[in-house]
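Next come the chains, spelled out residue by residue.
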Amino acid sequence: MRQPTVTILQTAKALGAKTLASAALYPLRKALAEATWSPDGCPRNRLELARAIVQPRRQPDWRPFRDIQETERDSRGLVLRSDDGQVSVQFLAPDLVAVEYRMNVAGVATSTPTYAVSRPADQWPSVPTVVTELEHALLIQSDRLVVGIDLQDARLLLATPSGTLLRVDIDVARTTGGAIRHRTALAPGEKLYGLGERALPWNRRGHVHRLWNRDPAGYQADDDPLYLNIPTYLGALYDDGASPETYLVFYDNAHDAVFDLGATTPAIAEHRFAGGTLRYYVAVGSIPALLERYTELTGRHPLQPLWMLGYHQSRWSYDNEARVRKLAQDLSTHQIPCDAIHLDIDILEGFRSLTWDQERFPDLAGLATELRQDGRRLISIVDPGIKRDLGYSVYRDGLRGQHFCTLPNGRVFHAPVWPGDCAFPDFTAPDTRAWWGDQLRPLLRAGIAGLWNDVNEPAAFAAFGDPTLPRVIRHSFENTGGDHRAGHNIYGTLMARATREGLLREQPESRAVVISRAGSAGLQRYATSWTGDNESSWESLALTIPMVLGLGLSGIGFTGPDVGGFSGVPDGELFTRWVQMAAFMPFFRAHTAKGTPDQEPWSYGEPYLSIVRRFIQLRYELLPYLYSAHWQMCARGWPMVRPLAWADPADGLLWDVDDAFLCGDAFLIAPVVEKGAVSRSVRLPQGPWYEFWTNALTTGREPVRLFSPLETLGLFVRAGSVIPMGEIGASSEKRVEKFLRLVLYAPLPANAPDGLVSELYEDAGEGFAYRDGGSRLSRFTVSQEEGRLGVSWHREGAYVPPYEHVELTVHGLARAPRAVYADGDRYAIARIDAVRHSVVLGVPVFSDLRIDL
Ligand code: MIG
């Protein structure tokens, strides 16, 4: 039996008969709304209405786009015109091109504003290109990309200057209804990655993907779609032996879409959109370069406060003050570091969003202050649906200000969610976003430090069918007008935007913490996310890796799973394995459904508690490293959780690994994802790599079997890395930063990675002083010559950290060093660990370190 059913039944009791009845009726109400209004928002007559109900969907009749009659060169590329419309090719950078087909379709509005792109074409520097005219074709090229255009059927191909074909069109077509289809040819060895959050293997080729945000009410492997869909994917054209050519394509169209990536026909990728414009971007380059470009276009995560990287404890729900206090007490008793406690919907007054129950939380502000003494913060859930209740000020106010989504006749539309019938703010309206931000004030003034945006697909309770708003619902689109077909997928993104903007207005000194379940391309500018209602099962644990990888390759780098699983009950072993893995993912939160037993680190007794504590502590020791990896994400769009192929793209076998991942530049995590298993095998990228617990060395590019009993996690460190570490504390704020710990993994003479650079980013961990020089970037370069190991430490930026000394550990030395010099002065070795070939010593902050062997 599927476990989510249990959850629904359990929660049904809490809902009451009225909401249940309205969920049962909702699919009919929705169908009726959709049939009553034609796509352009006009009421239908009775005959049409009858037809629309009886025959809701006609088969689309695709018409290809063809025959270009006129070409016009402009500063970035070309515009080509035909009777069917026009095509433009614009270079934004030598390695990034935008292609747009504007197809004439009578009576169909084809464009709504883009909410994905944050840097439009006119904000990119111009790119020198060369155009070559051939008989029935044109070539336009930069020094990185060639676009070829067939003038007869208006098809494109994209290639590298050396002739590798990246994307080859089969055709571009549309229907009279305004649907679009773009088909491209797939090469035999081509692999495809991304598309946001999917319960599918990491390589998306061979699957049909729907891009329509959906609350699946619990999901398992292969369920599609889920909450957060992104029309972006990365292609790797692997040709035995060499590094593959990699490209990224992003379709800037948030309509309902289906991407059939070689499922129906292995050699064809078919991209169908229910409406909008066919505008896509293609970039070429290495994986890191592609993510840099993609996030230059659609934006990056803003820096999170350091405490967001701490451990979060959640459940549905810690539903009264005494329970939250008890939790905080338990965290202290069991010495579990923790930075945030989450409050779920049971804190609300009758499920009214943005409120809290005064009886169960009589002094929320007092509670928040009390928790802060240990450096712990409260995060509160905020749902978009506003209960239909004239006695509830948010509803009254929203009605008065016309902030809710309406039917084409202007009437506010209501759909059932937790509180019963709800109205939905229209976040595509600028004044509604501002209004929403103001509604957050009471929660923020009560000391809530972060907001968790749930059910913003948006989800509605429907006994069957698509559990969301009808497609005819009207949206403002910055006052240009449009409907839910275009407004659905961006709903979560814009709710997150309104939330972030509200937070920044109310607390201009704090980095706004927003966690959003749903979203679309560009969500990363406003929020972090998590992988929704997973299951307490080993399958679900394993699925976390491809899900987080896929999100990261789609620009959403700050995510993580409900640790332990949301629905169902993990045993101590499963919970422990989950903690171990998620300790290396950006969002590290234990969470579980209503009605399940306690799912806290101490819920399983020993030996689990000690192991779990050790890993949460390790997370805190690694905060300087993790914060730096998170900074790379914010500065360059590199996700913290990366595929193994990132480190060694030339190794073709790594492109299929989705049961291991990299965390930042230095760590590789190969967790056990099978019940009872104490070992597993993994193929490492080119090394050498140190096994973390033993310092045993592995060269990489061959499968290794690793012994991983429950006390350990498969964890490797890249040779030549310098890992910055700190101390453990009750929370990130309570750590003592008397000195920095630098852990150096010596490169090996055999294949010393030449000039491998490790980065350490530091700032105050909160606030915006980093924007005015209040940050510091350190670069460590390790070099090795005969009998000598050198570390150079280059620092940039004015931030002054609280320490002056460094505790340096060097692993992997063949023998005890003869002498160690920091900036010319000799320092004594404090400890030698002969088993792990390590030495430890204290040195001041240095620029040059020399170890004589
Ligand atoms: O309809 O707020 O994914 O984390 O605990 C379910 C209750 C609503 C879904 C979220 C989950 C949360 C739950 N929510």
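Rules and cut-offs
- Residues numbered from 1 in each chain as written.
- Predicted model: local features only at pLDDT ≥ 70, side-chain atom pairs only at ≥ 80, totals over all residues.
- Heavy atoms only, no water.
- Axes fitted to C-alpha atoms, helices over the stretch in contact; angles between N-to-C directions.
- Helix = DSSP H or I, 4+ residues; strand = E, 2+ residues; numbered from the N terminus.
- Parallel < 35°, antiparallel > 145°, perpendicular 65-115°, else oblique.
- Contact = heavy atoms within 4.5 Å.
- Nonpolar A, V, L, I, M, F, W, Y, C, P; charged D, E, K, R; others polar.
- Pairing = 2+ DSSP bridges.
- Salt bridge = Lys/Arg side-chain N within 4 Å of Asp/Glu carboxyl O.
- Buried < 20%, exposed > 50% of the residue type's maximum accessible area, 1.4 Å probe, protein only.
- Core = buried A, V, L, I, M, F, W, Y, C linked by side-chain atoms within 4.5 Å.
- Expected span 1.5 Å × (residues − 1).
- Near = heavy atom within 4 Å.
- Polar contact = N/O pair within 3.5 Å; in protein donor to acceptor, adjacent residues only side chain to side chain.
- Areas by Shrake-Rupley, 256 points an atom, 1.4 Å probe, with all protein chains shown as cover.
- Bend = angle between axes of the 7 residues up to and from the residue.
- pLDDT = per-residue confidence, 0-100.
- Phe/Tyr/Trp six-rings, centres within 6.5 Å; stacked < 30°, edge-to-face > 60°.
- Lys NZ or Arg CZ within 6 Å of the ring centre and 35° of its normal.

Draft legend 1. Region of interest: the packing of helix H14 (residues 608-621) against helix H15 (residues 623-636). Viewed as axis vectors pointing N to C, H14 and H15 meet at an angle of 60°, and their least axial separation amounts to 5 Å. Overall, the two elements H14 and H15 adopt an arrangement that is oblique. In this structure, H14 uses Arg619, Tyr620 and Glu621 to contact H15, whose residues at the interface are Leu623, Pro624 and Leu626. The class makeup of the residues in the contact of H14 with H15 is four nonpolar, no polar and two charged.

Draft legend 2. Structural view of the sheet that holds strand S22 (residues 386-387). If you trace the three strands from one edge of the open sheet to the other, you get S22-S24-S23, paired in antiparallel fashion. Either end of the sheet is taken by a strand with one partner, and the two such strands are S22 and strand S23 (414-417). Relative to strand S24 (residues 420-423), S22 is paired through two bridges, and the arrangement is antiparallel. The residue of S24 that forms the bridge with Lys387 is Cys422. Packed onto the sheet, helix H2 (residues 17-36) meets S23 and S24 and runs at close to 135° relative to S23.

Draft legend 3. Main features of the pattern of salt bridges. Using the criterion set out here, one finds 61 salt bridges in the structure. Notably, a salt bridge pairs Arg293 with Glu296, separated by 2.7 Å at the nearest N-O pair. Of this pair, Arg293 and Glu296 are both found in helix H4 (residues 287-298), three residues apart, which corresponds to roughly one turn of the helix. When the shortest N-O distance is used, the salt bridge between Glu506 and Arg445 registers 2.6 Å. Within this pair, whereas Glu506 is found in helix H11 (residues 491-506), its partner Arg445 is found in helix H9 (residues 441-445), the two being separated by 61 residues in sequence. When its relative accessible area of 23% is taken as the criterion, Glu506 is described as partly exposed. Put simply, Asp95, Arg119, Arg144, Arg293 and Glu296 are held in one network by salt bridges that share partners.

Draft legend 4. Structural detail: the packing of helix H13 (residues 572-582) against H14. The contact between H13 and H14 brings their axes to 9 Å, and the two run at 10°. Relative to H14, the element H13 lies roughly parallel. For the pair H13 and H14, the contacting residues are Gly572, Glu573, Phe575, Thr576, Val579, Gln580 and Ala582 in the first and Tyr608, Ile611, Val612, Phe615, Ile616 and Arg619 in the second. Among the residues forming the contact of H13 with H14, the class breakdown is eight nonpolar, three polar and two charged.

Draft legend 5. Examining the nonpolar core more closely. Within the largest apolar cluster, 221 residues are counted, with the highest numbers of intra-cluster contacts made by Leu378, Trp436, Phe584, Phe667 and Ile723. Discounting residues that sit within four places of it in the chain, Trp436 has contacts with Leu354, Val382, Asp383, Pro384, Ile386, Pro425, Phe427, Met495, Ala498 and Thr499. Judged by nonpolar contacts, the second largest core, of 42 residues, contains Leu166, Phe259, Tyr280 and Val284.

Draft legend 6. Structural detail: the environment of Leu234. Looking at the secondary structure, you find Leu234 in strand S14 (residues 229-237). Leu234 sits 41 residues away from Tyr193 along the chain, and the two C-alpha atoms are 5.1 Å apart. Sequence-distant contacts of Leu234, that is, excluding residues within four places in its chain, are made with Lys191, Leu192, Tyr193, Thr246, Tyr247, Leu248, Ile287, Leu290, Leu553 and Trp655.

Draft legend 7. Representation of the sheet that holds strand S40 (residues 739-745) in the model. Judged by pairing direction, the sheet is mixed, and its five strands sit side by side in the order S39-S40-S44-S48-S47 without closing on themselves. The open sheet is flanked by strand S39 (722-725) and strand S47 (831-833), the only strands paired with a single partner. On average, each strand axis in the sheet is inclined to that of its neighbour by 20°, with strand direction left out of account. Where strand S44 (residues 805-811) lies against strand S48 (residues 838-844), seven bridges are found, and the strand directions are antiparallel.

Draft legend 8. View of the pairing of strand S7 (residues 137-141). Only one face of S7 is covered, namely the one carrying Leu138 and Ile140; the face carrying Ala137, Leu139 and Gln141 has none of its residues buried. Here strand S6 (residues 130-133) pairs with S7 via four bridges, running antiparallel. From the neighbouring strand, Thr132 faces S7, where its bridge partner is Leu139. The turn linking S7 back onto strand S8 (residues 146-150) is made up of four residues.

Draft legend 9. Highlighting H15. With 14 residues, H15 extends 19 Å between its outermost C-alpha atoms, agreeing within 8% with the 20 Å of an ideal straight helix rising 1.5 Å per residue. Most of H15 sits inside the fold, with 13 of its 14 residues counted as buried. Backbone geometry just downstream of H15 places Gly637 in the positive-phi region, at approximately 80°.

Draft legend 10. Local environment of unusual backbone geometry. Along the chain, Trp316 connects to Ser317 via a cis peptide bond; the corresponding omega equals -10°. Between Glu606 and Pro607 the backbone carries a cis peptide bond, its omega angle lying at 10°. Tracing the sequence through the fold places Pro607 in the loop between strand S30 (589-590) and H14. Even without a glycine there, the phi angle at Phe351 is positive, about 60°. Within the secondary structure, Phe351 sits in the loop between strand S20 (340-343) and helix H6 (364-372). Exposure remark for Phe351: the relative accessible area of 16% places this residue in the buried category. Despite not being glycine, Gln402 has its phi angle at roughly 55°, a positive value. Topologically, Gln402 is positioned in the loop between helix H7 (393-400) and S23. For Gln402, a relative accessible area of 68% puts it in the exposed group.

Draft legend 11. Local environment of the side chain of Ser731. Positionally, Ser731 belongs in the loop between S39 and S40. Contacts of Ser731, omitting those with residues within four sequence positions, involve Cys338, Asp339, Asp374, Gly375 and Tyr620.

Draft legend 12. Fine view of the site of the ligand. Around the ligand sit 13 residues in total, of which Asp344, Asp454, Arg517, Asp533 and His591 are the nearest. Between Trp418 and the ligand, the recorded distance is 3.0 Å, taken from a side-chain N or O atom to an oxygen atom. Between the ligand and Asp454 there is a distance of 2.6 Å, counted from a nitrogen atom to a side-chain nitrogen or oxygen. Relative to its unbound accessible surface of 350 Å², the ligand loses 96% to contact with the protein. For the shell around the ligand, the per-class residue count stands at eight nonpolar, one polar and four charged.

Draft legend 13. Region of interest: H2. With 20 residues, H2 should cover 28 Å at 1.5 Å per step; its first-to-last C-alpha distance of 28 Å lies within 8% of that length. Leu25 marks the point of greatest bend in H2, at about 40°, and the proline Pro27 comes within the next four residues. Taken as a whole, H2 has its buried residues at Thr19, Ser22, Ala23, Tyr26, Pro27, Lys30, Ala33 and Ala35.

Draft legend 14. View of the environment of Ser567. With respect to the helices and strands, Ser567 occurs in the loop between strand S29 (562-563) and H13. Of the residues examined, Ser567 reaches a relative accessible area of 2% and is grouped as buried. Spatially, the C-alpha atoms of Ser567 and His591 are 9.4 Å apart, while their sequence positions differ by 24 residues.

Draft legend 15. View of the confidence of the model for the chain. Model confidence for the chain is summarised by a mean pLDDT of 94, while 96% of its residues fall at 70 or above. The model gives residues 1-6 a pLDDT under 50, and that stretch makes 13 contacts with residues more than four places away or in other chains.

Draft legend 16. Main features of the packing of aromatic side chains. Under the criterion given, the structure shown has 38 aromatic pairs. Each ring, one from Phe427 and one from Tyr491, has its centre 5.2 Å from the other, and the planes form 70°; the classification is edge-to-face. Of this pair, Phe427 sits in the loop between S24 and helix H8 (430-439) while Tyr491 sits in helix H11, and the two are 64 residues apart along the sequence. Residue Tyr491 is classed as buried on the basis of its relative accessible area, which comes to 2%. Clustering of aromatic rings is evident, with ring pairs tying together Tyr395, Phe404, Phe427, Trp435, Trp436 and Tyr491. Over the aromatic face of Trp124 sits the side chain of Arg119, whose NZ or CZ is 4.2 Å from the ring centroid. Positioned over the ring face of Trp793 is Arg795, at 4.8 Å from the centre of the ring.

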